[in-house]
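The residues making up each chain are set out below.
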Amino acid sequence: MKLAILMHNMAQIEQWMAMYTKSTPKDFSRMASVLDRYDHPELKTPAIHVTGTNGKGSTCRYIEQMATAHGYSTLLFTSPHLTSLTERIRHNKENIDDQAFIHLMNEVRHHIEALNIEAMSYFEVLTLAFFIYAGQVDVDILIVEVGIGGKKDYTNIFPHAVRVITSIGKDHIPDLGKDEFAITKQKAGIMRQGDTMIVGEIAPEYLAIIQDKVTQEEGQLISYKLQPQMDIPQLGFYQVWNARTAYGAFAAFTKENGLYFNQQTAIAAIQATALPGRMELIANQPTTYIDGAHNISAIKGLLEVLKATFADKKIIMYFSSLDRKEINDSLDYIQAHSDIELYVTTFDYEEARKENDYLATTDAKFVNNWYDDYKQSAPANVDAVVVFCGSFYFISEVREKLQSEDIYENISNF
């Protein structure tokens, strides 16, 4: 295929994405018009489709690990990324190669320009790229994480899949609705005729909405509670919920597609799964974690884990969010725990919440430069536990800085 304009590196792709993508009205026809040219590659491979307020990424990683442990080839689509755009497309547990991604994005751009599509959203372009790539690799299973919601999400184009809802909570308000009931209806919108739906830890009142949708579509609802109990090494009681939800989804997928499944292999794979950005240990002295908890339900879970796991430790928390996110409930909840030393901060991102935004929301101490503050306070807090949480864009910056060799050595040797 002759490409009109070639992008030669990741920086040029990021630059083009920044210029081309913008918030646009939801319209599946844009993506469909490109996929028509490929005879709809998204339909050639059976899929597991995962939504939920929290736990989507962890659940997808557990499924990926189980599938590869059984000898099946996988293609995973997830978001957001911590370091590189290539993390969003994983083939057999490896990020797509930079050169393959560059070629792929040139293809996407070529078709967009050939069809005179004036603008697409950032997530829409990357979803399109994933589906095109799905037609170029031979895999046994697609594992697809919803971006936002479900019903109106750009991933929701499968006529049939094993569907998963990991959890229900407040996030992306008002985009998904004013409360959890409206959010549940949006997430249940991934259900299609005859599908199997696996659900995680969900309150009965929201579960009833999902059950109604499954019944309407003449499908089957399966609870994570019906899956085997298991011990897992990953921190977070909620990770047991995610692990059992993933187990149920993969077991259902193999059954529906006539594939081999072994319980011991599945549980061992779950126990071996790495979860970047989910209570991920990134430095020592002080013991330092990053976690993508950014809404009230995730913050409650995070604090419960911290207080149970580190009951005898001083806990210091740095929180940062995007300016479009609702954070009042989360910050109020953290501040109600006087044994948590909370700092709010900003980071190097255009949409990052700034000092004045925090002043209108909280009286928590604002730190303008989280890295300098962390570095300067580390010697006095060598026995403490430090947690960076909030936006994935924030913890991505933290992860990159604290794991770079020179900085990491300086910090860990205090």
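Definitions and limits used
Residues numbered from 1 in each chain as written. Predicted model: local features only at pLDDT ≥ 70, side-chain atom pairs only at ≥ 80, totals over all residues. Heavy atoms only, no water. UniProt positions renumbered as here; feature names shortened; annotations may be inferred. Buried < 20%, exposed > 50% of the residue type's maximum accessible area, 1.4 Å probe, protein only. Helix = DSSP H or I, 4+ residues; strand = E, 2+ residues; numbered from the N terminus. Arc of directions from axis to C-beta. Contact = heavy atoms within 4.5 Å. Pairing = 2+ DSSP bridges. Right-handed = clockwise from strand over helix to strand, strands pointing away. Phe/Tyr/Trp six-rings, centres within 6.5 Å; stacked < 30°, edge-to-face > 60°. Lys NZ or Arg CZ within 6 Å of the ring centre and 35° of its normal. Core = buried A, V, L, I, M, F, W, Y, C linked by side-chain atoms within 4.5 Å. Salt bridge = Lys/Arg side-chain N within 4 Å of Asp/Glu carboxyl O.

The name an unreviewed UniProt entry gives the chain is tetrahydrofolate synthase, with Aerococcus viridans as the organism. What the UniProt record of the chain gives under Catalytic activity (unreviewed entry) is the line "(6S)-5,6,7,8-tetrahydrofolyl-(gamma-L-Glu)(n) + L-glutamate + ATP = (6S)-5,6,7,8-tetrahydrofolyl-(gamma-L-Glu)(n+1) + ADP + phosphate + H(+)".

K.L.:
Please give an account of helix α1 (residues 10-20) that cites residues and values.
P.N.:
For α1, the complete set of buried residues consists of Met10, Ile13, Trp16, Met17 and Tyr20. Considered in projection along α1, the buried side chains sweep an arc of 120 degrees and stay on one side of the axis. α1 presents Ala11, Ala18 and Met19 as exposed residues on the side facing more than 90 degrees away from its buried surface. On its buried side, α1 packs onto α4 (98-114) and α5 (122-134).

K.L.:
Which residues make up the pairing of strand β11 (residues 315-320), and what values do they have?
P.N.:
β11 sits mainly inside the fold: 6 of its 6 residues count as buried. Here β11 shows no split at all, with Ile315, Met317 and Phe319 on one side and Ile316, Tyr318 and Ser320 on the other all buried. Taken together, the 5 bridges between β11 and strand β12 (residues 340-345) define a ladder with parallel strand orientation. Of the residues in β12, the one forming a bridge with Tyr318 is Tyr343. Handedness of the crossover is the feature at issue here: the chain leaves β11, passes through helix α11 (residues 328-335), returns alongside β12, and the resulting connection is right-handed. Bridging between β11 and strand β14 (residues 385-390) involves 6 bridges; their strand directions are parallel. Looking across to β14, one finds that Tyr318 is bridged to Phe388.

K.L.:
Got a sec to walk through the packing of aromatic side chains? Specific residues and values, please.
P.N.:
What the rule picks out here adds up to 24 aromatic pairs. Connected via pairs of aromatic rings, a cluster forms that spans Tyr318, Tyr343, Phe347, Tyr349, Trp370, Tyr371, Tyr374, Phe388, Tyr393 and Phe394. Lying over the aromatic face of Tyr358, Arg353 brings its terminal NZ or CZ to 5.9 Å of the ring centre.

K.L.:
Break down the environment of Ile290 for me, with residues and values.
P.N.:
Within the secondary structure layout, Ile290 lies in strand β10 (residues 287-291). Between the C-alpha atoms of Ile290 and Tyr238, which are 52 residues apart in sequence, the distance is 16 Å. If near-sequence neighbours (up to four positions away) are discounted, Ile290 is found in contact with Gly277, Arg278, Met279, Glu280, Ile282, Phe388, Ile395, Val398 and Arg399.

K.L.:
Give me the nonpolar core: which residues, what numbers.
P.N.:
With 41 residues, the main nonpolar core has Ile13, Leu75, Ile89, Phe101, Met105, Val125 and Leu142 as its most contacted residues. Where this core is concerned, the elements lending two or more residues are α1, α2 (28-36), β2 (74-77), α4, α5 and β5 (141-145). Ranked by the residues each element gives to this core, the list is headed by α5, at 10 residues. One finds Tyr72, Ile141, Val162 and Ile270 within the second-largest nonpolar core, a separate group that totals 29 residues.

K.L.:
Requested: an account of the pattern of salt bridges, with residues and values cited.
P.N.:
As enumerated under the stated definition, the model contains 8 salt bridges in all. A salt bridge links Arg90 to Glu64, with the shortest nitrogen-to-oxygen separation between them at 3.0 Å. Here Arg90 is found in strand β3 (residues 89-91), whereas its partner Glu64 is found in helix α3 (residues 56-69), with 26 residues between them in sequence. Judged by relative accessible area, Arg90 falls into the buried class, the value being 8%. Of the charged contacts, one joins Glu217 and Lys213 as a salt bridge, the two residues approaching to 3.2 Å between their closest N and O atoms. Judged by relative accessible area, Glu217 falls into the buried class, the value being 14%.

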